Amino acid sequence: MTELSFQLYSARNVPSLADFLVTLGGLGYTQVEGFGGLYDDAPTLAANLKKNGLTMPTGHFGPAQVADVSTTLKTAQTLGIKKIFCPHIGPEGRSADESKWLELAEMLAAAAETYGKEGYGFGWHNHDFEFAPTSSGRTPMEIILETAPKVEWEADVAWIVRGKADPIAWFDKYGDRITAVHVKDIAPAGECLDEDGWADVGQGVLNWDDLITKVTSKTKAEYFVAEHDKPSDPVRFATRSIAAAKKWK
């Protein structure tokens, strides 16, 4: 089985994170991925992870957190994070031409140097907007990867599909940059509208039984992170997703 991690953003609305970590451990998860809103009390979080047999090898840190190097390094050290991924840029940081994307890529390149010197992997996590061509014809994802050659890529496969791109083609071209993937599924058209059209892993239209073999053969992914951006029932999502992953070799 490919070891499945769990992006805790998918459980951001649970009444008790501590109780949810107990559930994840009981379901067989051994890894989770953090996100920016969880790090205020990193020592307590680290203790709760350890208590439930969980580690946090990867974590999301927003652009402002990435810029606060000392705090991010302390957080990563406390939680045992090995790879730091910047997960998103707001509309104010995007542009129809290349200009804003080049600014972002240069920031990411500098961050990759900074965090790399401290022994951490550093990368970008995509959404769909990185696959809409700019006025030059280059996509933001190409601009990031080509301008910042040391930046890793946490490829969110379902967002690539929602961006009307072919994930396999991107694996073929940039697989050596992909060190983690988000394992996410898309509901059939018209279904799960209350969950923004996302589905539990194995319950949607993406053939993850096949995709996971493509990921493992075409990329350098070390981490496979289940995520659902808006689950109505995070426990259901966690349960179904790890059940699907247990079928993978």
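Model, not experiment: these values are computed from the prediction.

Rules behind the numbers
- Residues numbered from 1 in each chain as written.
- Predicted model: local features only at pLDDT ≥ 70, side-chain atom pairs only at ≥ 80, totals over all residues.
- Heavy atoms only, no water.
- Helix = DSSP H or I, 4+ residues; strand = E, 2+ residues; numbered from the N terminus.
- Rg over C-alpha atoms; globule rule 2.2 N^0.38 Å.
- Buried < 20%, exposed > 50% of the residue type's maximum accessible area, 1.4 Å probe, protein only.
- Contact = heavy atoms within 4.5 Å.
- Areas by Shrake-Rupley, 256 points an atom, 1.4 Å probe, with all protein chains shown as cover.
- Phe/Tyr/Trp six-rings, centres within 6.5 Å; stacked < 30°, edge-to-face > 60°.
- Pairing = 2+ DSSP bridges.
- Axes fitted to C-alpha atoms, helices over the stretch in contact; angles between N-to-C directions.

## Side note on the overall build of the protein chain
Counting secondary structure elements, the protein chain contains ten helices and ten strands. Compactness check: the protein chain gives a C-alpha radius of gyration of 17 Å against a globular reference of 18 Å for 249 residues, within 12% of the reference. With the C-alpha coordinates aligned to their principal axes, the bounding extent of the protein chain is approximately 50 × 45 × 35 Å. Within the span of the protein chain, comprising 249 residues, buried residues form 54% of the whole. Looking at the protein chain alone, contacts between residues at least 24 apart form 75% of all its contacts between residues at least 6 apart. As displayed, the protein chain has an accessible area near 10700 Å², and 52% of this comes from carbon and sulfur atoms.

## Notes on the packing of aromatic side chains
Within this structure, the stated rule accounts for 13 aromatic pairs. Centroid distance F6 to F20: 5.4 Å. Interplanar angle 50°. Geometry classified as tilted. Residue F6 is found in strand β1 (residues 4-7), and its partner F20 is found in helix α1 (residues 17-27); the two are separated by 14 residues along the sequence. F20 matches F6 in its accessibility class, with the two residues each being buried. Between Y115 and F122 the ring centres are 5.6 Å apart and the planes differ by 10°, which places this aromatic pair in the stacked class. Take Y115 and F122: they sit in the same class, and that class is buried. Cluster of aromatic residues (ring-pair linked, three or more members): F6, F20, Y29 and F237.

## Section: the sheet that holds strand β5 (residues 121-125)
Read around the closed barrel, the eight strands follow the order β1-β2-β3-β4-β5-β6-β7-β10; overall the barrel is parallel. Between one strand axis and the next, the sheet turns by 30° as a mean value, whatever way the strands run. Where β1 and strand β2 (residues 31-34) come together, three bridges link them in parallel fashion. In the strand pairing of β2, F6 is matched with V32.

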